[in-house]
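# Structural description and commentary
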Amino acid sequence: MSALIIFTLLIVLMLTGMPISISLGLTVLTFLFTMTDVPITSVALKLFTGIEKFEIMAIPFFILAGNFLTHGGVARRMIRFATSMVGHWHGGLGLAGVLACALFAAVSGSSPATVVAIGSILLPAMIKQGFPPRFGAGVITTSGALGILIPPSIVMVMYSVATNTSVGQLFMAGVIPGLLLATLLGVTTWWRARKFGYPRLAKASASQRLHALRESIWGLLLIVVVIGGIYTGIFTPTEAAAMSAVYAFFVAVFVYKDMKLSQVPKVLLDSANMSAMLLYIITNAVLFSFLMTSEQIPQNMAEWMLNQGMGPIAFLLVVNVLLLLAGNVMEPSSIVLIMAPILFPMAMHLGIDPVHFGILIVVNMEVGMCHPPVGLNLYVASGITKMGITELTKAVWPWLLTMLGFLVLITYVPAISLWLPRTLGMMS
């Protein structure tokens, strides 16, 4: 009964157009003060202790690093390098877009940032070369979603905060799925380009490739700094985030010199705005999680599912459907922070690995970012391409089907996610 009241209240508040963070907070406070005896001091205490986690510090730093890289010419150089490597294949610039998104994802941690950075440069070039606008939009919108799967990933940090799973293990677990999805999206791009006879570039010479690599090496080195630093134990994921922000600032301002010192305050302010928004959502989601736990809702739901005789296969199918439906009405951060604490205890009951479960949730969030009505990547791509959401939805469907097939693969073959962290000795 409590669960019904809580979720009805939350949905009603969201339908009024109220921001998700305020809807969460109001739901919790209304329920606590009218239907329970929980003292107000414990609510205030929970607001502070809920975000008093070292891992949360990684979020503002990764956002800042992503903003420095977006404005600092790193994306342009990565595109040039990607084009020199795969531009001569069918759909050359499209394939370069997939590769550039994968590379930029490995330094930014954010899908919308990846779509903006790569799309704003590559899409006009693709149209100029003779690609249909829909093809370019489909490639960049879906490949941009790699931003939250290839580490570092802000969504993985949020899952870690919600479930107390190791961020380092999640980052390593995202490497192989991220590369596999990038490959599958690339194959889809190549196949469609070959089928419709889209243009390809002249093959770059070895010296041209070397020149492109030399130009982009400072951006690519950030991947080594973050992943190498975490794996070798030189620093934690949170410290890696701070390092990446400092490194990105240094590269953008002093190495590539594409950003003037006078532009830095604006980048800092934009990053602070985005960080504040996410931290406010996290704070209210922590309160919501506290309410769920105090009302025993996750435990009761887990017990009910087990009593129905639901095994891991059926449970994971239900989770995927639930998360894909949630992706229709909410953005990824909110979904992870609300759903993970509810679904996580059930997954643990059924013996599902917490790291594998985290990667599964992240892949679901990727799919959600590419379909209407709330797909963040669709709105970002719409702003770049000046195409309507309906037209963009038609543009992304071949790649979206590829992502759904990949989701099934990740769901039922946990070894894809778990092999690397186990091989590196990070997991037993």
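Values in this document were obtained by computation on a predicted structure and should not be read as measured data.

The next thing to look at is the packing of helix α15 (residues 312-326) against helix α16 (residues 332-349). One way to put it is that α15 packs onto α16 with a least axis distance of 12 Å and a crossing angle of 170 degrees. What the angle tells us is that α15 and α16 run roughly antiparallel. Of α16, the residues touching α15 (which contributes F315, V319, L322, L323 and A326) are I335, M339, L343, M346 and A347. Split into classes, the residues belonging to the contact of α15 with α16 amount to 10 nonpolar, no polar and no charged.

A few words on unusual backbone geometry. The linkage connecting P151 with the following residue, P152, adopts the cis geometry, with an omega of 0 degrees. Along the chain, P152 turns up in the loop between α8 (133-143) and α9 (154-163). Residues other than glycine seldom take positive phi values, yet N164 does so here, at roughly 60 degrees. Its location among the elements puts N164 in the loop between α9 and α10 (167-196). The phi angle at K386 is positive, at roughly 60 degrees, despite the residue not being glycine.

I118, F315, L323 and F357 are the most contacted members of the largest nonpolar core, which has 145 residues in total. Considering each element in turn, this core owes the most residues, 12 residues, to helix α6 (residues 92-108). Once residues lying within four places of it in the same chain are set aside, the contact partners of F315 are M305, M310, L343, M346, A347, L350, I352 and F357.

Since the α-helix packs 3.6 residues into each turn, any two residues three or four apart lie on the same face. In a regular helix each residue adds 1.5 Å, so 13 residues correspond to 18 Å; helix α5 (residues 74-86) covers 19 Å between its end C-alpha atoms and thus fits that length. Judged by how many residues are buried, α5 sits mostly within the fold: 10 of 13 residues are covered. Those residues of α5 not exposed but buried are V74, A75, R77, M78, I79, F81, A82, T83, S84 and V86. Among the structural elements, α4 (58-71), α6, α7 (111-129), α11 (206-232) and α12 (237-255) are those in contact with the buried residues of α5.

Basis of the calculations
Residues numbered from 1 in each chain as written. Predicted model: local features only at pLDDT ≥ 70, side-chain atom pairs only at ≥ 80, totals over all residues. Heavy atoms only, no water. Axes fitted to C-alpha atoms, helices over the stretch in contact; angles between N-to-C directions. Helix = DSSP H or I, 4+ residues; strand = E, 2+ residues; numbered from the N terminus. Parallel < 35°, antiparallel > 145°, perpendicular 65-115°, else oblique. Contact = heavy atoms within 4.5 Å. Nonpolar A, V, L, I, M, F, W, Y, C, P; charged D, E, K, R; others polar. Core = buried A, V, L, I, M, F, W, Y, C linked by side-chain atoms within 4.5 Å. Buried < 20%, exposed > 50% of the residue type's maximum accessible area, 1.4 Å probe, protein only. Expected span 1.5 Å × (residues − 1).

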